[in-house]
Amino acid sequence: MFNQIFNRQNTINLLDPADLAANRQGQITETQKKRLAQSMWQPLMLTSLIILLVFIPLLLLNASLFFNTNRAPGSSLPFLLIPIILIMLIVFGFLASASGLLRRAPAINRDLRNQAVRQTSGELAFERKKGYYIQAGERQLLLPPSRNTGGLLPGQHYAIYYLDESEVVLSAEQFGAINEQAVKTSLRHILAQANNFTEETLQANQRGEIPSEQRNHLLITKTAPGLVLLPITLVMLGPMLFLNTTKNLSFSLADLAPFLIILLVFGGIAIFGIIFMARYLMDIFSAKIEQVTAPARKHSEVRSSGRSSHTYYYYIINELKFQVKHTAYNALIDGLTYRAYYLPRTKTLLSIEPIDVPDNY
């Protein structure tokens with residue numbers, strides 16, 4: 001979460017000539033030092049801010065209640081423990097979602113003091129849980145937090161400059177010209193892994209077909225909300241309808257009012273569930289696939305509802321928005337040209353492939 005707030009909107013250039021020249025000499029530029037310091041301390045600053053905004057007001061409120069009520073001190077103890085429990089949950093959440101750079105902070109500080117710049121060679125790799133990183137032999141080097149991959153592309157071989165103990169990448173130098181076919185092949189496999197489709201599925205979508213495995217997966221994942229809402233509605237309305245119709249045949253308006261309110265609420269839920277399912281069912285069984293080809297970018301939105309908030313992730317291709325999972329969001333590299341295959345009514349992404357890699361990327 002903290003990475004997304006502070007770092008995922010930033011873009012860095014690991015191929016920067018000035019940084020590269022300094023790293024070749026075993027030096028670390030001020031820009032790189034500042035970038036590493038920000039990536040380590042910004043999540044900690046966010047946690048401190050949450051503590052100030054949440055913990056201290058609750059503590060003051062509890063203290064006021066404690067001193068201005070006639071309760072015995074012991075009776076207020078459970079209530080006074082609420083801020084402590086909340087702060088423990090916040091700290092736990094911070095530790096669970098803190099970036100790899102923050103966990104490596106002591107090693108990074110030692111590397112910076114010792115100017116411990118090392119060189120190796122490697123390629124950009126991807127895993128669903130880790131996102132992008134550099135595979136250098138048996139070593140997995142950590143990329144600085146960024147919206148993208150710092151200008152690096154999969155399928156290319158690079159000279160990598162990194163910090164020795166913390167294994168954080170500082171800069172990179174590309175060997176030779178961009179091999180467009182190698183980039184497209186590697187990136188296609190990465191996008192398939194992140195978006196849960198196979199090479200066979202992609203080929204079927206290219207022919208305008210939805211294979212049975214993909215159709216079954218869509219039926220399970222996309223119509224599940226509607227399938228859940230309908231049984232809940234029937235369970236809630238069934239007993240109410242039975243009791244009200246078997247009790248007697250004469251009802252006053254006061255007797256009917258609660259039943260009508262419940263009927264309207266759960267009837268609305270049922271209608272929503274039916275519409276929700278119908279749109280996806282028509283899309284899935286229409287056997288019609290549309291495609292769009294254009295440069296793509298990724299986009300995230302934080303939506304709040306009361307006290308809770310949720311982040312939604314999208315691919316945007318030619319102004320079409322396709323909602324994806326966080327792992328899929330991380331896999332897309334902005335600025336390349338992609339072709340997306342999707343269902344037209346619900347804009348459900350079926351598969352995606354890279355089409356063009358600019359020479360000056």
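To be clear, the structure that these remarks concern was listed above.
The rules behind each value
Residues numbered from 1 in each chain as written. Predicted model: local features only at pLDDT ≥ 70, side-chain atom pairs only at ≥ 80, totals over all residues. Heavy atoms only, no water. Helix = DSSP H or I, 4+ residues; strand = E, 2+ residues; numbered from the N terminus. Buried < 20%, exposed > 50% of the residue type's maximum accessible area, 1.4 Å probe, protein only. Contact = heavy atoms within 4.5 Å. Areas by Shrake-Rupley, 256 points an atom, 1.4 Å probe, with all protein chains shown as cover. Arc of directions from axis to C-beta. Pairing = 2+ DSSP bridges. Axes fitted to C-alpha atoms, helices over the stretch in contact; angles between N-to-C directions. Salt bridge = Lys/Arg side-chain N within 4 Å of Asp/Glu carboxyl O. Core = buried A, V, L, I, M, F, W, Y, C linked by side-chain atoms within 4.5 Å. Polar contact = N/O pair within 3.5 Å; in protein donor to acceptor, adjacent residues only side chain to side chain.

Caption draft 1: Inspection of the overall build of the chain at higher detail. When you go through the chain residue by residue, the secondary structure sums to 11 helices and 10 strands. Across the 361 residues that make up the chain, the buried fraction comes to 40%. In the chain, the share of contacts with a sequence separation of at least 24, taken over all contacts with a separation of at least 6, comes to 67%. Accessible area for the chain stands at about 19900 Å²; split by element, carbon and sulfur atoms hold 61% of it.

Caption draft 2: Region of interest: the environment of Ile 333. Tracing the chain through its elements places Ile 333 in the loop between α11 (326-331) and β9 (337-343). Take Ile 333: its relative accessible area is 0%, and that puts it in the buried class. C-alpha separation for the pair Ile 333 and Leu 152, spaced 181 residues apart in sequence, amounts to 9.4 Å.

Caption draft 3: Inspection of helix α8 (residues 199-206) at higher detail. Those residues of α8 that fall on the buried side of the exposure criterion are Thr 201, Leu 202, Ala 204 and Asn 205. Buried positions in α8, seen along its axis, are confined to an arc of 160° and lie on one side of it. Looking one or two residues beyond α8, the residue adopting positive phi is Gly 208, at roughly 80°.

Caption draft 4: Quick look at the sheet that holds strand β1 (residues 117-127). Taking strand neighbours across the sheet as the criterion, the five strands line up as β3-β2-β1-β4-β5 in an open arrangement whose pairing is antiparallel. The open sheet has two edge strands, β3 (139-141) and β5 (169-174), and neither has a second partner. Ignoring which end each strand starts from, the neighbouring axes of this sheet average 45° apart. Pairing between β1 and strand β4 (residues 157-163): seven bridges, direction antiparallel. Considered in β4, the bridge of Thr 120 is made with Ile 160. Across the sheet, helix α2 (residues 17-24) lies against β1, β4 and β5, angled at about 105° from β5, the strand it touches most.

Caption draft 5: Representation of the pattern of salt bridges. Here the structure, examined in full by the defined rule, presents 11 salt bridges. Ionic pairing is found between Arg 110 and Glu 165, a salt bridge with its closest N-O pair at 2.5 Å. On the criterion of sequence distance, the pair formed by Arg 110 in helix α6 (residues 105-114) and Glu 165 in the loop between β4 and β5 is long-range, its members being 55 residues apart. Classification of Glu 165 by relative accessible area gives partly exposed; the value is 43%. Here Arg 207 ties to Glu 209 by a salt bridge, and the two come within 3.3 Å at their closest N and O atoms. Of the residues examined, Arg 207 reaches a relative accessible area of 55% and is grouped as exposed. On the accessibility criterion, Glu 209 (40% relative accessible area) is partly exposed.

Caption draft 6: Inspection of the nonpolar core at higher detail. By size, the foremost hydrophobic cluster in this structure holds 51 residues, and its most contacted members are Ile 134, Tyr 315, Tyr 338 and Ile 352. If you tally residues by element for this core, the top one is helix α7 (residues 180-195), at six residues. Those residues in contact with Ile 134 that lie beyond four places of it in its chain are Gly 122, Glu 123, Leu 124, Arg 139, Gln 140, Leu 141, Leu 143, Leu 152, Ile 160 and Val 169. Grouped together as the second largest cluster of nonpolar side chains are 11 residues, Ile 108, Leu 112, Tyr 161 and Leu 163 included.

Caption draft 7: Fine view of the environment of Asp 111. In this structure, Asp 111 sits in helix α6. Sequence-distant contacts of Asp 111, defined by excluding residues within four places in its chain, comprise Ile 28, Ala 116, Leu 163, Asp 164, Glu 165 and Ser 166.

Caption draft 8: Quick look at unusual backbone geometry. Non-glycine residue Asn 318 carries a positive phi angle of around 55°. Structurally, the position occupied by Asn 318 is in the loop between β7 (308-317) and β8 (320-324).

Caption draft 9: Quick look at the side chain of Glu 167. Following the sequence through the fold, Glu 167 ends up in the loop between β4 and β5. Glu 167 gets classed as buried once you look at its relative accessible area, which sits at 19%. Within the structure, the side chain of Glu 167 is placed 3.1 Å from the side chain of Arg 139, a separation counted as a polar contact.

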